[in-house]
Amino acid sequence: MAILEVENLSVSFKRYTRGFKQVKSNVISSLSVEVEEGEIMAIVGASGSGKSLLAQAILGILPRNAIVSGGIKYGGEVLTPPRQRALCGREIALVPQSVNSLDPLMRVGEQVRTSVKSGNAAAAQKEVFERYHLDANVEKMYPFQLSGGMARRVLISTAMVSGARVIIADEPTPGLDERSVAEALKHLREFADSRCAVLLITHDIESALKIADRIAVFYAGTTVEISPVENFRGNGEELWHPFSKALWRALPQNGFVPIPGSQPHPDDLPSGCLFAPRCGMASAECGEALPDMRKLRNGSVRCIHAT
Ligand SMILES: Nc1ncnc2c1ncn2[C@@H]1O[C@H](COP(=O)(O)OP(=O)(O)OP(=O)(O)O)[C@@H](O)[C@H]1O
Ligand code: NI
């Protein structure tokens, strides 16, 4: 069963240019993605493809001027703003992308303890600090006294002690040494295995492949493909979308084959398929409408030509 479902989500911003012309910035378009109980869904894609905004939309912490349509369900029920306020930090926890998300004026031990919603907060904080190799004296420190890696481990600790059923981890590992990366990923896997679920936003496809069940590939604010991890292998012949194939082949271990062109800016999206301007398979029909996601073998793809 899906614990968390995002259905046809679109997010845009309106802003005015210097000539007082209004521009609509479509940062997320017709996006659907879900995560099942026991599952890790990884989200990969270029910078600016809307990954963090998706996390913010789920938690109800988008900027106030965001225009949102579509639906989000948690446990089969619509996640209305009051439910978001009630559940965020309790049932759904975020590991934010920026270490600046820590409260600069609160000692980090206290920050972790306030995230514990039931049971003995002091014991839970002590235990999680040991698990993440944070010395007992770190508890009394303020965020500015932490190294980047320590701050990152504090953020992960905060989500881990919350008792949530869903963790949305937005780039949880930058700045961590190799051992800490491996441990953090292992803990996310164990967390999902205990009838919970993880949405793992990451640039690190290699790591995602080690622990995720499925991978959603983002491009210009929407999914172009959602496929099981086992499809990410070889030459990418089992990936269905041309961008997923290109992303896969651009990895260093797959020959670093670059993709010409760049992702369109949200102020100026092409009509129709968002990848068409860079796609070798594009035809006139691709420019007509944004293709729907459709099932293809063991995955789903947003491309009319994919077979
Ligand atoms: N408050 C905002 N107003 C207008 N545009 C915004 C706002 N916040 C983000 N954007 C734009 O939305 C797009 C998606 O941003 P987002 O932070 O979700 O990308 P991302 O995929 O998380 O990127 P990264 O991998 O670099 O973290 C970007 O083009 C960004 O400039
Ligand atoms: Ni981001």
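What you are looking at is a predicted structure, and each value in this text was computed from that prediction instead of being measured.

### Quick word on the site of ligand 1
The environment of ligand 1 is made up of 13 residues, and the closest members are Val27, Ser47, Lys51, Ser52 and Leu53. Of all elements in the fold, only strand 2 (22–36) and helix 1 (51–59) reach the threshold of two or more residues within the shell around ligand 1. Residue contributions to the shell around ligand 1 peak at 3 residues, all from helix 1. Within the shell around ligand 1, the residues separate by chemical class into 5 nonpolar, 7 polar and 1 charged.

### Focus on the environment of Val128
Its place among the elements puts Val128 in helix 4 (residues 121–131). Assessed through the 22 C-beta atoms surrounding it within 10 Å, Val128 is described here as buried. Remark: the alpha-carbon pair of Val128 and His265, spanning 137 residues in sequence, is separated by 41 Å.

### What about helix 5 (residues 148–160)?
For helix 5, which comprises 13 residues, the first-to-last C-alpha distance of 18 Å matches the rise-based estimate of 18 Å (1.5 Å per residue) to within 8%. With 11 of 13 residues buried, helix 5 is to be regarded as a mostly interior element. Within the span of helix 5, buried status applies to Met150, Ala151, Arg152, Arg153, Val154, Leu155, Ile156, Ser157, Thr158, Ala159 and Met160. Lining the buried residues of helix 5 we find strand 6 (92–95), helix 3 (108–114), helix 4, strand 7 (166–170) and helix 6 (178–193).

### Focus: the domain arrangement of the protein
Examined at the domain level, the protein breaks down into domain 1 (2–13 + 26–91 + 164–178 + 192–301) and domain 2 (102–162). Between the C-alpha centres of domain 1 and domain 2 there is a distance of 29 Å. Taken residue by residue, the interface counts 8 residues in domain 1 and 8 residues in domain 2.

### Examining the sheet that holds strand 10 (residues 222–228)
Judged by pairing direction, the sheet is mixed, and its 8 strands sit side by side in the order 6-7-8-3-9-10-12-11 without closing on themselves. The open sheet has two edge strands, strand 6 and strand 11 (294–296), and neither has a second partner. Strand-to-strand twist of the sheet, defined as the mean angle between neighbouring strand axes without regard to direction, takes the value 20°. Of the pairings in the sheet, the one linking strand 3 (residues 40–45) to strand 8 (residues 197–201) comprises 4 bridges and is parallel in character. Note on strand 8: the bridge partner recorded for Ile40 is Val198. On the sheet, helix 5 packs against strand 6 and strand 7 and is oriented at approximately 175° with respect to strand 6.

### So, the sheet that holds strand 5 (residues 77–78)
Strand order in this open sheet of 4 strands is 2-1-4-5, and the pairing throughout is antiparallel. The open sheet is flanked by strand 2 and strand 5, the only strands paired with a single partner. Bridge analysis of strand 1 (residues 2–16) against strand 4 (residues 67–74) gives 7 bridges, and the strand direction is antiparallel. Counted as the bridge partner of Glu7 is Gly71 from strand 4. Relative to the sheet, helix 1 contacts strand 1, strand 2 and strand 4, its axis offset from that of strand 1 by approximately 110°.

### Regarding the UniProt feature "domain: ABC transporter" (unreviewed entry) in the protein
Mapped onto the present numbering, the UniProt feature "domain: ABC transporter" (unreviewed entry) falls on residues 4–245. Strand forms 29% of residues 4–245 and helix 31%; the C-alpha atoms that close the span are 27 Å apart.

### Remarks on the nonpolar core
Proteins that are soluble and globular tend to have nonpolar side chains buried together. Core analysis: the largest hydrophobic core is formed by 90 residues, its most contacted members being Ile58, Ile167, Leu188, Val198 and Leu200. Ranked by residue count, the leading element in this core is helix 5, at 7 residues. Residues in contact with Val198, not counting those within four places in the same chain, are Ile40, Ile167, Ala169, Leu188, Phe191 and Ala192.

### Brief notes about helix 4
Where helix 4 is concerned, the buried positions are Ala124, Gln125, Val128 and Phe129. Taken around the axis of helix 4, the buried residues stretch over an arc of 130°, which confines them to a single face. Those residues of helix 4 that are exposed and angled more than 90 degrees off the buried face are Ala123 and Glu130. Check the buried side of helix 4 and you find it contacts helix 3 and helix 5. Just downstream of helix 4, His133 is the residue with a positive phi angle, here 55°.

Procedures and definitions
Residues numbered from 1 in each chain as written. Chains lettered and ligands numbered in written order. Predicted model: local features only at pLDDT ≥ 70, side-chain atom pairs only at ≥ 80, totals over all residues. Near = placed C-beta within 6 Å. Helix = DSSP H or I, 4+ residues; strand = E, 2+ residues; numbered from the N terminus. Nonpolar A, V, L, I, M, F, W, Y, C, P; charged D, E, K, R; others polar. Buried ≥ 20, exposed ≤ 12 C-beta atoms within 10 Å, placed from the backbone. Expected span 1.5 Å × (residues − 1). Contact = placed C-beta atoms within 7 Å. Domains from an automatic or database assignment. Pairing = 2+ DSSP bridges. Axes fitted to C-alpha atoms, helices over the stretch in contact; angles between N-to-C directions. UniProt positions renumbered as here; feature names shortened; annotations may be inferred. Core = buried A, V, L, I, M, F, W, Y, C linked by C-beta atoms within 7 Å. Arc of directions from axis to C-beta.

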